[in-house]
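One letter stands for each residue in the lines below.
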Amino acid sequence: MPTRIHHVGVAVADLDESIRIYQNALGAQLVHRATNEREGLEAAFLRVGDGEVELMAALRDDSPVGKFMAKRGPGLHHVAYAVTDIDEALADARTSGLELIDSEPRIGMHGTRIAFLHPKSVGGVLTELVEA
């Protein structure tokens, strides 16, 4: 079961400009920045108060974030929930009849195990489970 909201993912057109805006306007602190060539993604994690925001920019138009941006433009991409045991959380999701995007956990941008649930199963928002 989720223990808390881990972070909120936001798709952006210009990562550097978005980081600047979050830092200057919201007082956010950059805590981690990484690139995942396989996923065609560059991301920055910013601490805002007790929470974290993941700003994501597509490296390619055919990447998941690139396709999201082409269809919807910049904005809320996903909500991530911390779970202590991702295998158990995925089993619970399956048992509850939720549609999984990832049937098995994979390594995310922070080096932790993650898995996504399909938006149509959880109210229209892409949901990420993060083992934390």
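For the structure, see preceding data.
Here the structure is a predicted model, which means the values were calculated and not measured.

Caption draft 1: Fine view of the nonpolar core. Among the nonpolar cores identified, the biggest contains 11 residues, and these are Val 10, Val 12, Leu 15, Ile 19, Tyr 22, Ala 28, Ala 44, Leu 46, Val 53, Leu 55 and Ala 57. Mapped by element, the contributors of at least two residues to this core are helix H1 (15-26), strand S3 (41-48) and strand S4 (51-58). Counting 10 residues, the second largest nonpolar core, distinct from the first, contains Ala 11, Leu 41, Ala 43 and Phe 68.

Caption draft 2: Spatial organisation of the sheet that holds strand S5 (residues 75-83). Overall, mixed pairing links the eight strands, which are arranged S2-S3-S4-S1-S5-S8-S7-S6 in an open sheet. Strand pairing shows two members of the sheet lacking a second neighbour, strand S2 (29-36) and strand S6 (106-107), which therefore form its edges. Here S2 pairs with S3 via seven bridges, running antiparallel. The residue of S3 that forms the bridge with His 32 is Phe 45.

Caption draft 3: Broad picture of the environment of Asp 85. When you line up the elements, Asp 85 lands in the loop between S5 and helix H3 (86-95). Looking at Asp 85, the relative accessible area reads 33%, which means it is partly exposed. For the pair Asp 85 and His 32, spaced 53 residues apart in sequence, the C-alpha separation works out to 23 Å. Of note is the side chain of Asp 85, whose polar atom sits 3.1 Å from the backbone nitrogen of Asp 87. In terms of polar contacts, Asp 85 uses its side chain to reach the backbone amide nitrogen of Glu 88, at 3.0 Å.

Caption draft 4: Geometry of the pattern of salt bridges. Scanning the model with the defined rule gives 11 salt bridges in all. Among the ionic pairs, Glu 39 bridges to Arg 38, the shortest N-O distance being 3.3 Å. Salt bridges sharing partners connect three or more residues here, namely Arg 38, Glu 39, Asp 102 and Arg 106.

Rules behind the numbers
- Residues numbered from 1 in each chain as written.
- Predicted model: local features only at pLDDT ≥ 70, side-chain atom pairs only at ≥ 80, totals over all residues.
- Heavy atoms only, no water.
- Core = buried A, V, L, I, M, F, W, Y, C linked by side-chain atoms within 4.5 Å.
- Buried < 20%, exposed > 50% of the residue type's maximum accessible area, 1.4 Å probe, protein only.
- Helix = DSSP H or I, 4+ residues; strand = E, 2+ residues; numbered from the N terminus.
- Pairing = 2+ DSSP bridges.
- Polar contact = N/O pair within 3.5 Å; in protein donor to acceptor, adjacent residues only side chain to side chain.
- Salt bridge = Lys/Arg side-chain N within 4 Å of Asp/Glu carboxyl O.

No statement about biological role is implied by the geometric values presented.
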